[in-house]
Amino acid sequence: MPSQPSSRWVFGYGSLIWRPGFVFERAERALLRGVHRRLCIYSHLHRGTAERPGLVFGLERGGACVGMAFKIAESDWDEVRDYLRAREQVTMVYVETHRPAKLANGEIVESLTFVADPHHPQYAGRLSLEEQFALVDGAVGEAGSNIEYVINTARHLKEMGIADRQVQALAAMIASKHAPAENQSAAG
């Protein structure tokens, strides 16, 4: 059974891993079954604009996702939940839900999770790697460049030992296009 109320949990799978922005008691690698990470949300604010959308991660149905579970003290819960709603639900592109996440030690915790809403106009769905790159390359929003978002997420996933072939493939594509000129001339 999931643990309950002396503390609460939040599941992060994208920028929440490397920039949570809230107070937590501990962070642990965790597995969420039934959904997988994908760049499937058009970003019109944080990593792009309405005129030049970027892409951000969402959880889609099917598979499993390894990410980070953050333990939140009950006394901080209302503030953390309000912060996350303000950050993640600006355009209501995610469905706020609670799902069981399995921590590395085997413990199951009920976690606040934001899942992509496939009926929302900002839902991009399944895009090819080339389509993802075309949207990410050059997109910038209030939180910064879309390339930085993808690279930071890829780097942190790799540091955590999380294999995500799609994220790593896109990061490699970005790195190859944006390699410094001296690296390109040495390779040619």
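Owing to the predicted nature of the structure, the values given are computational and were not obtained by experimental measurement.

### Regarding the packing of aromatic side chains
No. 1: According to the stated counting rule, one finds seven aromatic pairs in the structure shown.
No. 2: Here a set of aromatic residues connected by ring pairs shows up, and it is made of Phe22, Phe24, Phe70 and Tyr83.

### Focus on the side chain of Thr113
No. 1: Summarising the element assignment, Thr113 is placed in strand β5 (residues 108-116).
No. 2: Since its relative accessible area comes to 0%, Thr113 is described here as buried.
No. 3: A distance of 3.1 Å separates a polar side-chain atom of Thr113 from the backbone oxygen of Ser111.
No. 4: Apart from residues lying up to four places away in sequence, Thr113 is in contact with Phe11, Leu32, Leu59, Val95, Glu96, Thr97 and Arg99.

### Side note on the packing of helix α3 (residues 129-136) against helix α5 (residues 165-177)
No. 1: Packing of α3 against α5 brings their axes to within 10 Å, and their N-to-C directions diverge by 55°. Judged on the interaxial angle alone, α5 and α3 are oblique. In this structure, α3 meets α5 at a crossing whose hand is right-handed. Contact residues: α3 offers Leu129, Glu130, Gln132, Phe133 and Val136, while α5 offers Gln166, Ala169, Leu170, Met173, Ile174 and Lys177.
No. 2: Considered class by class, the residues forming the contact of α3 with α5 number seven nonpolar, two polar and two charged.

### A word on the pattern of salt bridges
No. 1: Taken as a whole and assessed by the stated rule, the structure comprises 12 salt bridges.
No. 2: Residue Arg8 is joined to Glu74 by a salt bridge in which the shortest nitrogen-to-oxygen separation is 2.9 Å. Of this pair, Arg8 sits in strand β1 (residues 7-12) while Glu74 sits in the loop between β3 (54-73) and α2 (77-88); the two residues are 66 residues apart in sequence, bridging distant segments of the chain.
No. 3: With its nearest N and O atoms 2.7 Å apart, the salt bridge here joins Asp137 to Lys177. On the criterion of sequence distance, the pair formed by Asp137 in the loop between α3 and β6 (140-141) and Lys177 in helix α5 is long-range, its members being 40 residues apart.
No. 4: Salt bridges linked by common partners bring Arg26, Glu28 and Glu107 together as one network.

### Points about the environment of Leu84
No. 1: Among the structural elements, Leu84 can be located in helix α2.
No. 2: The spatial distance from the C-alpha of Leu84 to the C-alpha of Gly138 is 26 Å, given a sequence separation of 54 residues.
No. 3: Residues in contact with Leu84, not counting those within four places in the same chain, are Val10, Leu16, Phe22, Gln89, Leu112 and Phe114.

### Thoughts on the sheet that holds strand β2 (residues 26-43)
No. 1: Read around the barrel, five strands follow the order β1-β3-β2-β4-β5 and close on themselves; strand pairing throughout is mixed. Pairs of neighbouring strands in the sheet enclose a mean axial angle of 35°, with direction left out of account.
No. 2: Across the face of the sheet, helix α4 (residues 146-159) comes into contact with β2 and β3 while running at roughly 60° to β3.

### Section: the pairing of strand β4 (residues 94-103)
Regular strands place side chains that alternate from one sheet face to the opposite one.
No. 1: The pairing of β2 with β4 spans three bridges and is antiparallel. Following the sheet pairing, Leu32 is matched in β4 by Ala101.
No. 2: Pairing of β4 with β5 involves nine bridges; the strand directions are antiparallel. Residue pairing for β5: Val95 is matched across the bridge by Val115.
No. 3: Here β4 folds back onto β5 in antiparallel fashion, the turn holding four residues, of which Gly106 has a positive phi close to 95°.

Reading guide: rules and limits
- Residues numbered from 1 in each chain as written.
- Predicted model: local features only at pLDDT ≥ 70, side-chain atom pairs only at ≥ 80, totals over all residues.
- Heavy atoms only, no water.
- Phe/Tyr/Trp six-rings, centres within 6.5 Å; stacked < 30°, edge-to-face > 60°.
- Helix = DSSP H or I, 4+ residues; strand = E, 2+ residues; numbered from the N terminus.
- Buried < 20%, exposed > 50% of the residue type's maximum accessible area, 1.4 Å probe, protein only.
- Polar contact = N/O pair within 3.5 Å; in protein donor to acceptor, adjacent residues only side chain to side chain.
- Contact = heavy atoms within 4.5 Å.
- Axes fitted to C-alpha atoms, helices over the stretch in contact; angles between N-to-C directions.
- Parallel < 35°, antiparallel > 145°, perpendicular 65-115°, else oblique.
- Left-handed = near helix turned anticlockwise from the far one by under 90°.
- Nonpolar A, V, L, I, M, F, W, Y, C, P; charged D, E, K, R; others polar.
- Salt bridge = Lys/Arg side-chain N within 4 Å of Asp/Glu carboxyl O.
- Pairing = 2+ DSSP bridges.

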